[in-house]
Amino acid sequence: MTEVSAATPTGARERILTESFRRFSELGFAGVSMQQIADAAGVTKATLYHHFQDKEDLFVEVMQSGFARSEAGLAETVNTGQSLGERLTAFATYLFSSERADLNRLFGDFHQHVSPERQAAFWKTYQRPWTYLEGPIKDAIASGEIAPGNPNLIARVCFTAFVGQMQIARFEPDAPPPDAALARQIVDMLLNGLRPQ
């Protein structure tokens, strides 16, 4: 295979990360070989191993770069809007965006294929995504917008409701892809319940 030249060493590394994110998102950790990633990035396998120790190392770095990009979006969305409903809807809509949805797909493989030590190190660097909701939930409790409760538990329930819809859309061909309208419906159910008003 002829290696595609890069202007700088980081050019090859960035191509590897970009193609790895794409391949891991589409096929999963187990479905992708290092040779396939090297071919997709236009580098030799030796170049791939120059940048990454092994497949787990590459996968963790893909997760780190994806999550680093995602953190700014998560932090920004929880400050969008005044009410908790508006803030939750903005957060869910962001989660439903294609890159964020791909990153959520990778988390299943992350827990299955990455050593517990590497996972622990990852979570020392990054916040768990639902923790971004705790501040707005605390604000809503303090203002009387919602009933008192455990902000962490409420945040996890909300996050699980959003991610659950992404999983359903992934595995059920008839399920519509999650979007802003679905985000509003879920938030309405979470905040207003299912009982008639």
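Reading the values: the criteria
Residues numbered from 1 in each chain as written. Predicted model: local features only at pLDDT ≥ 70, side-chain atom pairs only at ≥ 80, totals over all residues. Heavy atoms only, no water. Phe/Tyr/Trp six-rings, centres within 6.5 Å; stacked < 30°, edge-to-face > 60°. Helix = DSSP H or I, 4+ residues; strand = E, 2+ residues; numbered from the N terminus. Buried < 20%, exposed > 50% of the residue type's maximum accessible area, 1.4 Å probe, protein only. Lys NZ or Arg CZ within 6 Å of the ring centre and 35° of its normal. Salt bridge = Lys/Arg side-chain N within 4 Å of Asp/Glu carboxyl O. Axes fitted to C-alpha atoms, helices over the stretch in contact; angles between N-to-C directions. Parallel < 35°, antiparallel > 145°, perpendicular 65-115°, else oblique. Left-handed = near helix turned anticlockwise from the far one by under 90°. Contact = heavy atoms within 4.5 Å. Nonpolar A, V, L, I, M, F, W, Y, C, P; charged D, E, K, R; others polar.

Colleague: Explain the packing of aromatic side chains to me, using residue names and the numbers behind them.
Modeller: On inspection of all chains with the given rule, the structure shows 15 aromatic pairs. Seen from their ring centres, phenylalanine 67 and phenylalanine 107 are 5.6 Å apart, and the 90 degrees between their planes marks the pair as edge-to-face. One end of the pair, phenylalanine 67, is in helix 4 (residues 55-77); the other, phenylalanine 107, is in helix 6 (residues 98-113), and 40 residues separate them in sequence. Look at phenylalanine 107 and phenylalanine 110: their rings are 6.1 Å apart centre to centre, the planes differ by 85 degrees, and that puts the pair in the edge-to-face class. Of this pair, phenylalanine 107 and phenylalanine 110 both sit in helix 6, three residues apart, which is roughly one turn of that helix. Neither phenylalanine 107 nor phenylalanine 110 differs from the other in exposure class; each is buried. Grouping aromatic residues by their ring pairs yields a cluster made of Phe67, Phe107, Phe110, Phe122, Trp123 and Tyr126. For the cation-ring pair, arginine 69 lies above phenylalanine 21, with the distance from its terminal atom to the ring centre recorded as 5.7 Å.

Colleague: Explain the pattern of salt bridges to me, and be specific about the residues and the numbers.
Modeller: As enumerated under the stated definition, the model contains seven salt bridges in all. One salt bridge connects glutamate 19 with arginine 22, and the closest N-O pair in it is separated by 2.7 Å. With glutamate 19 and arginine 22 both in helix 1 (residues 9-27) and three residues apart, this pair spans about one turn of that helix. Classification of arginine 22 as partly exposed rests on a relative accessible area of 38%. Two residues, glutamate 19 and arginine 23, come together in a salt bridge whose shortest N-O distance is 3.1 Å. Taken together, the residues span about one helical turn, with glutamate 19 and arginine 23 both in helix 1 at a distance of four residues. Residue classification places glutamate 19 among the buried residues on the basis of a relative accessible area of 14%. Salt bridges sharing partners connect three or more residues here, namely Glu19, Arg22 and Arg23.

Colleague: Before we move on, can you summarise the packing of helix 4 against helix 5 (residues 84-95) with the specific residues and values?
Modeller: At a minimum axis distance of 8 Å, the contact between helix 4 and helix 5 shows a crossing angle of 155 degrees. Between helix 4 and helix 5, the angle is such that the two are roughly antiparallel. Where helix 4 crosses over helix 5, the two elements pack in a sense that is right-handed. Where helix 4 abuts helix 5, its residues Arg69, Ser70, Gly73, Leu74 and Thr77 lie against Arg87, Ala90, Phe91, Tyr94 and Leu95. Looking at the contact of helix 4 with helix 5 residue by residue, the class counts come to five nonpolar, three polar and two charged.

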